[in-house]
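# Structural description and commentary
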Amino acid sequence: MNKFYFNVLQRSRSFIERISYRTYGISAEDLEKIKKFKEEKEKISNDPNRSAKILKDEFSRYKKGVFRPPEPKVPKYSEYVVIGGGIMGSSIAYAMKNRAPDSFEVMVIERDPKYTRSSSALSVGGIRQQFSLEENVKLSLYSADFLRNVKQHLSVLDDDPPDIQFQPQGYLFLASEAGVDQMIKSHKIQRELDAKIELLKPVHLNQKFPWLNVDGIELGSYEVSTSSGNIVKSEKPQPLAVIVSKHLLSE
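- Looking at an unreviewed UniProt entry, the chain carries the name FAD-dependent oxidoreductase domain-containing protein 1, with the source organism given as Caerostris extrusa.

Written out as structure tokens, the structure reads:
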């Protein structure tokens, strides 16, 4: 190949690469950084003395009395980053990877990885479809179906099937005179989406719940189906976010 055609080929490649950078929204400078990072990572991984260096470093710490397990390093680069690994963040990451398992990387960042103080672990864990927005009703119906089949969706090889202890025991909302119109309006939306919810007047509420004081109550919205209830707290709680995280790590 003569010098002229070689230069033309090089310029063509450069032009195509610039187009590719624009297509993916990544500048040439950023892509070079990514390439350099991957090369350095590969170089470290392929180092034949890597294990010996790690052992030497750990033994040195042990001799100095400051030995502790090395903390996991956060990757410097990921195509998608989800901030917050609670039930919302973990569910988003799960849905993304489940839809296209090998198409991209997703990193979830959570400041409380044991979920000891997160709202996902401390909440009541109620599940219902009594919402006034169509989108919320649809999301809740989908979530309830997912939870009923959670063992199928989130089982991990060589691990016990997840048990979130979901108890489908119904959900009851009560309205005073001021809230009746809104409850009826919301009920119409819920029924159109096939949510199993019925409206009960005080007399019917008393029949179904004899212990309930209905003074000042004009209407009740009662949902009794396998799609409503709550997640029972156990002595060794395993928040759904933790189960989802384990599933993501197994991918």
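## Side note on the pattern of salt bridges
- Counted under the stated rule, the structure contains three salt bridges.
- With a closest N to O distance of 2.9 Å, E134 and K138 form a salt bridge. With E134 and K138 both in helix α6 (residues 134-148) and four residues apart, this pair spans about one turn of that helix.
- Overall, the relative accessible area of 39% leaves E134 in the partly exposed class.
- K138 sits in the partly exposed class, given a relative accessible area of 45%.

## Quick look at the packing of aromatic side chains
- According to the stated counting rule, one finds six aromatic pairs in the structure shown.
- Ring plane angle 35° and centroid distance 6.5 Å describe the contact between Y142 and F146, whose orientation is recorded as tilted. Linking Y142 with F146, this pair stays in helix α6, spanning four residues, or about one helical turn.
- Connected via pairs of aromatic rings, a cluster forms that spans Y94, Y142 and F146.
- Taking NZ or CZ as reference, R128 lies 4.3 Å from the ring centre of F131, over its face.

## Here's the deal with a negative patch on the surface
- Negative charge collects at one region of the surface, where E32, E39, E40 and E42 lie side by side.
- Considering the arrangement of structural elements, one finds E40 in helix α2 (residues 28-45).
- Given a relative accessible area of 41%, E40 falls into the partly exposed group.

## Observations regarding the sheet that holds strand β3 (residues 126-127)
- Spatially, β3-β8-β4 is the arrangement adopted by the three strands of the open sheet, whose pairing is antiparallel. Among the strands making up the open sheet, the edge pair consists of β3 and β4 (166-167).
- Bridging between β3 and strand β8 (residues 229-231) involves two bridges; their strand directions are antiparallel. For I127, the partnering residue across the bridge sits in β8 and is G229.

What counts as what
Residues numbered from 1 in each chain as written. Predicted model: local features only at pLDDT ≥ 70, side-chain atom pairs only at ≥ 80, totals over all residues. Heavy atoms only, no water. Salt bridge = Lys/Arg side-chain N within 4 Å of Asp/Glu carboxyl O. Helix = DSSP H or I, 4+ residues; strand = E, 2+ residues; numbered from the N terminus. Buried < 20%, exposed > 50% of the residue type's maximum accessible area, 1.4 Å probe, protein only. Phe/Tyr/Trp six-rings, centres within 6.5 Å; stacked < 30°, edge-to-face > 60°. Lys NZ or Arg CZ within 6 Å of the ring centre and 35° of its normal. Patch = residues over 30% accessible without salt bridge, like charges linked within 9 Å, V, L, I, M, F, W, Y side chains within 5 Å. Areas by Shrake-Rupley, 256 points an atom, 1.4 Å probe, with all protein chains shown as cover. Lys, Arg positive; Asp, Glu negative; His and termini not counted. Charge placed at Lys NZ, Arg CZ, Asp CG, Glu CD. Pairing = 2+ DSSP bridges.

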